[in-house]
Amino acid sequence: MPEPRVSEAEIAAYERDGAVCLRGALAPAWIELLDRGVERNIARPGPWFTDFTGADGGARCIKDDFCWTWIPEYEDFARRSPCAALVGELMRAREVCFIEDQYFQKAAGAATPTPWHQDQSYYEVAGDWCVAWVPLNPVAAEDSLRFVAGSHRGPLYLPQDFTGGGGGPHITPPGPAPPPPPAAAGEPGRWPILAWAMQPGDLLVFHPRTLHANAGNRAPHRSRRLSLRWVAESARYVRKPLPWATFRPDHGLVDGQRILGELFPLVWTRAAGLLAAG
């Protein structure tokens, strides 16, 4: 079976806006696989499991990270689904490694927001990488991720605190502090906002420097989605001795090393396609 391709218009949208929605990119079987994986993950949480329900209580919000080594559905998706090829095309990469699975579940009616932030602010990664956002339930535009179009070409902002549904800055780093993210939703007309209503099978891919946020889950059902992170051949581990730096502590990489290895498997190359195919 030939690998899926993205159009030049979709690549141009990703490069211009920092986010693009690929409609119907994943067949139902892949969504069913991830659905089983998330249910297994919820029943068997990992060491980085977090409950980020708002400080005032309310509908529960949970997430977990770096679980693919014991959740076989996640590994199967990373190695065999079209996702690696699609993000490779969008990044114009020669090679793609899978580096992280992260699921989010917000219960029906959850008001806990995800504050405006950029993934790059948290990660000890330099070079080309991206995030693939996979909804497992229908998502209305008002409950979907919202992006500030083109913000990946702008400044890097201060990371925000997610604990308890908060939106305040983390501990200020030494030296001049970057500015806090703009309250984009509160300044209509100033910031170009992108948001898509999505169905299971749609795939949202965004640049790690793109400002994004989420208001909650106003749907009458729980909302489950995965954020899957991928790096191109240029990506390197860059140690950041900061309180919010995010990378699994057992990564085994040294500063400046290419992100590639047992915990960061090479899954796709432009020359050979999916390495687990067949």
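What you see is a predicted model; the values in this text were computed from it and never measured.

Now, about the overall build of the protein chain: what can you tell me, with residues and values included?
Scanning the protein chain for helices and strands turns up four helices and 15 strands. The buried share of the protein chain, taken over its 278 residues, is 53%. Long-range contacts, defined as pairs at least 24 residues apart, comprise 81% of the intrachain contacts of the protein chain with a sequence gap of at least 6. Total accessible area on the protein chain stands at roughly 11,800 Å², and carbon and sulfur atoms take up 56% of it.

An account of the packing of aromatic side chains is requested, with residue identities and associated values reported.
The full count for this structure, using the stated rule, is seven aromatic pairs. Through pairs of rings, three or more aromatic residues link up here, namely Trp68, Phe98 and Trp230.

Tell me what's going on with helix H4 (residues 83-91), and back it up with residues and numbers.
For an α-helix the count is 3.6 residues per turn, leaving residues at separations of three or four pointing the same way. Of all nine residues in H4, nine are buried, a share of seventy percent or more. Residues of H4 that are buried include every one of Cys83, Ala84, Ala85, Leu86, Val87, Gly88, Glu89, Leu90 and Met91, and no others. Immediately downstream of H4, the backbone of Arg92 shows phi near 55°, a positive value.

Summarise the side chain of Arg225; cite the residues concerned and give the values.
For Arg225, the position within the fold is in strand E12 (residues 223-232). In this structure Arg225 is buried but unpaired, with Asp143 as the nearest side chain of opposite charge at 7.0 Å. Discounting chain neighbours no more than four positions away, the residues touching Arg225 are Gln102, Tyr103, Phe104, Trp133, Val134, Pro135, Leu136, Val139, Asp143 and Asn214.

For the nonpolar core, give the residues involved together with the corresponding values.
In this structure, Leu22, Tyr74, Val87, Val96, Leu203, Val205 and Trp230 are the most contacted members of the largest nonpolar core, which totals 44 residues. For this core, the leading source of residues is H4, giving seven residues. Dropping the residues within four chain positions of it, Leu203 is found in contact with Val20, Cys21, Leu22, Ala25, Leu26, Cys83, Leu86, Ala132, Trp133, Val134 and Met198. Trp129, Val131, Phe147 and Tyr237 belong to the second-largest nonpolar core, a separate cluster that totals 24 residues.

Thresholds, definitions, all that
Residues numbered from 1 in each chain as written. Predicted model: local features only at pLDDT ≥ 70, side-chain atom pairs only at ≥ 80, totals over all residues. Heavy atoms only, no water. Helix = DSSP H or I, 4+ residues; strand = E, 2+ residues; numbered from the N terminus. Buried < 20%, exposed > 50% of the residue type's maximum accessible area, 1.4 Å probe, protein only. Contact = heavy atoms within 4.5 Å. Areas by Shrake-Rupley, 256 points an atom, 1.4 Å probe, with all protein chains shown as cover. Phe/Tyr/Trp six-rings, centres within 6.5 Å; stacked < 30°, edge-to-face > 60°. Lys, Arg positive; Asp, Glu negative; His and termini not counted. Salt bridge = Lys/Arg side-chain N within 4 Å of Asp/Glu carboxyl O. Core = buried A, V, L, I, M, F, W, Y, C linked by side-chain atoms within 4.5 Å.

Treat this as a map of the structure, not an account of what it does.
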